[in-house]
Each structure stands twice: as structure tokens, then as C-alpha cells.
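Coordinate inspection notes
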Amino acid sequence: MTGLFRPGETYQCCAVETDDDLFFQVRGEEAGDVFHWELEDVQPLSHGRVGIRHMWTRCSRYADFKVWTL
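Okay, so let's go over this structure.

With antiparallel pairing, the three strands of this open sheet are ordered in space as S1-S2-S3. Lying at the two open borders of the sheet, with one neighbouring strand each, are strand S1 (12-17) and strand S3 (32-38). Taken pair by pair, the neighbouring strands of this sheet meet at an average axis angle of 10°, ignoring direction. With seven bridges joining them, strand S2 (residues 21-27) and S3 adopt antiparallel strand pairing.

Now for the layout of surface pockets. Size it by volume and the largest pocket reaches roughly 2800 Å³. Lining the largest pocket are 48 residues, with Cys13, Ala15, Phe24, Ile52 and Phe65 positioned closest to its centre. Looking at the lining of the largest pocket residue by residue, the class counts come to 24 nonpolar, 14 polar and 10 charged.

Let's shift gears to the packing of aromatic side chains. Across all of its chains, the model carries two aromatic pairs by this definition. An angle of 25° between the planes, with centres 6.3 Å apart, marks the rings of Phe35 and Trp37 as stacked. Under the relative-accessibility criterion, Trp37 is labelled partly exposed at 42%.

Where S1 lies against S2, six bridges are found, and the strand directions are antiparallel. By the bridge assignment, Cys14 is partnered in S2 with Gln25. In textbook terms, the turn of a hairpin is the stretch between consecutive antiparallel strands, and for S1 and S2 this stretch comprises three residues. Counting the residues between successive antiparallel strands, the hairpin from S2 to S3 contains four residues.

Each value, and the rule that gives it
Residues numbered from 1 in each chain as written. Predicted model: local features only at pLDDT ≥ 70, side-chain atom pairs only at ≥ 80, totals over all residues. Heavy atoms only, no water. Pairing = 2+ DSSP bridges. Helix = DSSP H or I, 4+ residues; strand = E, 2+ residues; numbered from the N terminus. Axes fitted to C-alpha atoms, helices over the stretch in contact; angles between N-to-C directions. 1 Å grid on protein atoms, 1.4 Å probe; cavity = no way out; pocket = protein on both sides within 12 Å on 5 of 7 lines; lining within 4 Å. Points joined across faces, edges and corners; volume = space filled by probe spheres on them. Nonpolar A, V, L, I, M, F, W, Y, C, P; charged D, E, K, R; others polar. Phe/Tyr/Trp six-rings, centres within 6.5 Å; stacked < 30°, edge-to-face > 60°. Buried < 20%, exposed > 50% of the residue type's maximum accessible area, 1.4 Å probe, protein only.

The structure is reproduced here in C-alpha cells:
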């Protein structure tokens, strides 16, 4: 039972952060979903590194990773 993410599949992910919200979209061959978190009680970050964090029981490879601001 791996939920949305299946072993051996490729997924496209897109995260969009605004002042008050964070949206995360996942698309795979057979499934996808959009997740939402409210950020109104979270202190905004103004600098620092970007990191990807996943569960220690998972193994992933990342490609074509891009970050930009508007």
C-alpha cells in the first residue's frame, strides 16, 4: 500500500506558494492529486536553500528540478 506514489512510476510535481497558501500538484500516468496548506500562521521565509524532504522508507530520484519566483 503505497498510496498515490507507486514504485517505478514517474511523476510530475508542481508547488506554488503565495502569501497565504501552498499548493502541491502531483501527476502520474494513472493518478494525480492536488494538496493545499494554509500558511497564514506560518512565518514567511526570505532567504535560504530549497530542499526536498521525503519519508526515510521511500527512495526517489529527481530530475529537471527548477525553482523560480515571479
